Amino acid sequence: MPQKKKRQPTNEPDVKHKGWFYFNVGLRTINALLLVGISFLIIGGALVAGIGAGYFAYLVEDTQTPTKKEMQKTLGEFSETSKLVYADNSNISTIRSDLSRTAVKSDQISDLLKKAIIATEDEYFNEHNGVVPKSVVRALLSEATGFGGGGGGSTLTQQLVKQQVLTNETTFKRKANEILLAMEVEKYFSKDEIVTMYLNVSPFGRNNKGQNIAGVQEAAKGIFGKDASEVNLAQAAFIAGLPQSPIVYSPYDNSGQLKENLSAGLKRKDYVLFSMYRNHDITKKEYDAAVKYDLSKDFLQRETQDNSNHDFLYYTVLGEAQEIIAENMRQADKVSDKEYKKEKVKNSYLEKAANELVSGGYTVKSTIDKDIYKAMQDAVAEYGYMLDGTDTGTVQVGNIMMDNKTGRVLGFVGGRDFNDNQYNHAFDGARPAGSSIKPILVYGPAIDQGILGTETRISDFEREWVGSDDLDEDDPNNSKGKPIVNSTNAGTNTFLTTREALNVSSNIAAVNVFDKLKSEKGETFAYDEYLKKMNYHATNQWAYEGAALGPNDVSTMEQTNGFQTLANGGVYEEGYIIESITDSEGNVVYQHKNKPVQVFSKATASIMNDLMRGILDAGITSNFKYTVSGLNWYLGQGDWVGKTGSSDEYRDSWLIVSTPAITLSSWSGVADNTLKNDSDASKRTGQYMAYLANRIYMANPDVFGVEERFQLDSSVKGYDVATVTGTEAGKVTVNKKQQTIPVATTQSLYAKGKPAEASFNFGIGGTEENYQTYWETIFGKEEEKKKETEKSKTGNTSSSGSSDASDSSNTSDSSEGNSGASSDSSNTEEETPSSDAADDDEKTAAAETDKDDPAAEKDNENKADEKQDKAEEK
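Residues numbered from 1 in each chain as written. Predicted model: local features only at pLDDT ≥ 70, side-chain atom pairs only at ≥ 80, totals over all residues. Heavy atoms only, no water.

**A look at empty space enclosed by the protein**
Operational definition: As defined here, a cavity is a set of points on a 1 Å grid over the protein atoms alone where a 1.4 Å probe fits but cannot get out. A pocket is an open set with protein on both sides within 12 Å along at least five of seven lines, and residues line them when an atom is within 4 Å of a point. Grid points are joined across faces, edges and corners, and a volume is the space filled by probe spheres set on the points. Put simply, DSSP marks the helices as runs of H or I at least four residues long and the strands as runs of E at least two long, and each gets a number from the N terminus on.
As enumerated under the stated definition, the model contains 2 cavities of 30 Å³ or more in all. One number sums up the size of the largest cavity: a volume of about 40 Å³. Considering the residues around the largest cavity, the lining is formed by Leu387, Val395, Ser653, Ser668, Gly669, Asn677, Ala681, Arg684 and Thr685. When contributions to the lining of the largest cavity are tallied by element, the ones reaching two or more residues are strand 21 (662–669) and helix 25 (681–699). For the lining of the largest cavity, the element with the highest residue contribution is helix 25, accounting for 3 residues.

What follows is the structure in structure tokens.
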């Protein structure tokens, strides 16, 4: 068989297979490259993510994640308007602030407002957990590259955190903390709670009074005059558009006037409506109707802020509240009393307290009775002119009415007119007390220590100041050797009873008693044991010789509280004007607590009230009782006690009066100390006070306790004493003769101790020569009386024509017998004069008036003449 030929090999390539080969190689190469690229991207992304996560952790590593309670407190803390109220809880005023805000609950906010704010500010609010990642990335890239406009990316929850927890600074650290805390907020609170908090804290521009406002309630009220629950769709959309740029979109300028161009806010309203339509919150029909709605007609017209109630009352109550809040703060910070007394430290706390009160939503309840306060303001406006002298211009005044049992300030007058003079003369001013200090500093302590009884005799003879040896004789501050003078004389040159000395307000007698008190008890005894307990300010001048005459400055409040103490059985109740302070949740952060202090014994207080009743009844230094009785007989029947006082040149005039229920005080004076007042200043003060009291009575007649009476305490001891000496009856040696003190007696009241035994130097103060003069007057007048009696008898005998010789003889014998008795009395060196000399001394004392009301001197002289006429007729 023939064999097949073998195919010879060839070197030509298979073109078709070769092409596929290269395609496959290329494809595999690209695939490998893609895989490598993707791997790099994954690795790079993971690396970036790791770095980002690490950086985020670094940024928030110092952030303490708050608990729900802490977060709730922080997010719920916002500026809220505080208010001041009267004792009956009626409104005095809101505390003025740059921001007006009122928080409301969720059910008090319209759903339209909630939907509008969500659609505009955070359309994914109901879906996210506090953060939208893509928005955050977009915002971060924008911040990093500088493109895209910056900002954005914040959810409603993040905005809430930024407003309430963080600052507005644009840093990565702040943004990281914002994200972290926003997620925590979403864990703790519902969506409705979050949107409610947001609507309560966000700013909404201005209202129609030009005030800055925050919270939807203030926005609805201040723009449309409605509650947040009552707004319609167009109004809700307008309000919801405000937070993005409150001042730009607000319809009002800073005066509360409507802007001429309202287009910015109205366009923003239309954008909000479109966002709600796009978010399916409203229908097309509702959208179209709301866009066409004429919203401009709903804007409130401008209103002027009512600052008429920002007067003495507003600033007094607010100032006291600031003091209380500052005190609470410093105690919470454990700041010592010593440290707090430093001006810088205290002012720092006062500033913090002021800010807290402005924005804390507090209610400050005062003790002020609304009707009484108004009556006092009406009275000073209508009768204040009565205080003005001929050349004094406007005389300023400060009055306080205080409840004796509690120390509550029921009402006050800060000055004649707040618009003319804002200085508060009731609480802030301090002026010389004059004679009004005598019951508190001199007579009260002296009676309390048993140094005085009501009939103790005190020297009113001429005397000089002891002065100081430490000062040069020509030093104007050294009174050494200068005479002590009363208002109208340099002394009546007799010994006055305690009652008489107070009635005429003798300066000499007061200094003598004060000297006695200091010599027995110590220089600072009166202040340390009495005034200090009543919170009179501390000064070394209380120990000075002249302190008895009231040169030291005191406030109207201090004097009111001093007399309140005496009217309250000697128990000091610190005067106060704030009853309580509560926070926005109704929690009581301050409640006044009474801390009574027994300063004077009950016996002393009741004796002093008995003495001061006599001052007003006598009418020598004040016409108050007479005037008030003329205005209102029933009010005049109240058991009024009180004391007057005047300073040099009558620049200051005081009158403090009390009933068992209340104490009413008055300081009046010239603001310019270069001016002088006249001697009728005290009379004008009494007249003004009578009209003031009557006006208060018309507003609240029960407050005076007209039916109540001051009673002598059961511990008071009454002793029968010799009228002319105030001591026990007995004998004294005068001009080397032992003589019997006149037999007439009177009762002297003592809180402690008892009357001294009969002696030549029976009284307080006075020199040996003074006592000698007094005794010679006493016994000299008795001798004159005897001679007048004998002369009268002789005349009667001579004129009796029907008398026989034996009758004449008997009469003559009788006369001689009397002479013999007198002679026998001389032989035994004893005399028993009557008490007429004491009556004469009383008339002399009553004729002298202190500088509180010298004009009364003439009336007193008439009274003395009438008394003398009656005596002669008898």
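**Section: the nonpolar core**
Applied cut-off: Only buried Ala, Val, Leu, Ile, Met, Phe, Trp, Tyr and Cys residues count toward a nonpolar core, and they belong to the same one when joined by side-chain atoms within 4.5 Å. Relative accessible area decides the class of each residue, using a 1.4 Å probe on protein chains only: under 20% of the type maximum gives buried, over 50% gives exposed, and in between gives partly exposed. Contacts: residue pairs with any heavy atoms within 4.5 Å of one another.
If you look at the biggest cluster of nonpolar residues, it comprises 59 residues, and the most contacted ones within it are Leu441, Tyr443 and Tyr536. Every element with two or more residues in this core is listed here: helix 17 (438–448), helix 18 (498–504), helix 19 (507–521), helix 20 (525–531), helix 21 (556–567), helix 22 (602–618) and strand 20 (652–658). The residues contacting tyrosine 443, other than those within four sequence positions of it, are Lys438, Leu452, Ile458, Thr498, Ala501, Leu502, Ser506, Ala509, Ala510, Val513 and Met608. Counting 51 residues, the second largest nonpolar core, distinct from the first, contains Ala182, Ala219, Ile239 and Leu242.

**As for the sheet that holds strand 4 (residues 203–206)**
Note the cut-off: Strand pairing requires that DSSP identify at least two bridges connecting the strands. In this analysis, axes come from line fits to C-alpha atoms, helices being fitted only over the stretch in contact, and the angle between any two N-to-C directions falls in the range 0 to 180 degrees.
The strand order across the open sheet formed by 3 strands is 3-5-4, and the pairing between neighbours is mixed. Of all the strands in the sheet, just strand 3 (99–101) and strand 4 have a single pairing partner and so form its edges. Strand-to-strand twist in this sheet, taken as the mean axis angle between neighbours without regard to direction, amounts to 30°. As paired strands, strand 4 and strand 5 (residues 212–214) are joined by 2 bridges and run antiparallel to one another. Looking at strand 5, one finds that proline 203 is bridged to alanine 214.

**A closer look at helix 16 (residues 370–383)**
As a reminder of what qualifies: A helix's residues, less one, multiplied by 1.5 Å, set its expected span. Here a polar contact is taken to be a pair of N or O atoms separated by no more than 3.5 Å, where protein atoms must pair a possible hydrogen donor with a possible acceptor and residues adjacent in sequence count only if both atoms sit in side chains.
Between the first and last C-alpha of helix 16 there are 20 Å, a value that for 14 residues agrees with the 20 Å anticipated at 1.5 Å per step. If you check which residues of helix 16 are buried, you get Ile372, Tyr373, Ala375, Met376, Gln377, Ala379, Val380 and Tyr383. At its buried positions, helix 16 is contacted by helix 13 (312–332), strand 7 (396–403), strand 8 (409–413), strand 21 and helix 25. Measuring from the side-chain oxygen of the N-cap residue of helix 16 to the backbone nitrogen of aspartate 371 gives 3.0 Å; that N-cap residue is aspartate 369.

**A few points about the packing of helix 3 (residues 111–121) against helix 11 (residues 263–278)**
To be explicit about the condition: These descriptions rest on fixed angle ranges, namely under 35 degrees for roughly parallel, over 145 for roughly antiparallel, 65 to 115 for roughly perpendicular, and the rest for oblique. Only Asp, Glu, Lys and Arg are considered charged in this grouping, and only Ala, Val, Leu, Ile, Met, Phe, Trp, Tyr, Cys and Pro are considered nonpolar; every other residue, Gly among them, is considered polar.
Taken N-terminus to C-terminus, the directions of helix 3 and helix 11 make an angle of 90°; their axes are 8 Å apart at the nearest point. Taken together, the axes of helix 3 and helix 11 are roughly perpendicular relative to one another. Along its contact with helix 3, which presents Leu112, Lys115, Ala116, Ala119, Thr120 and Glu121, the element helix 11 presents Arg268, Tyr271, Val272, Ser275, Met276 and Arg278. Taken together, the residues of the contact of helix 3 with helix 11 sort by class into 6 nonpolar, 2 polar and 4 charged.

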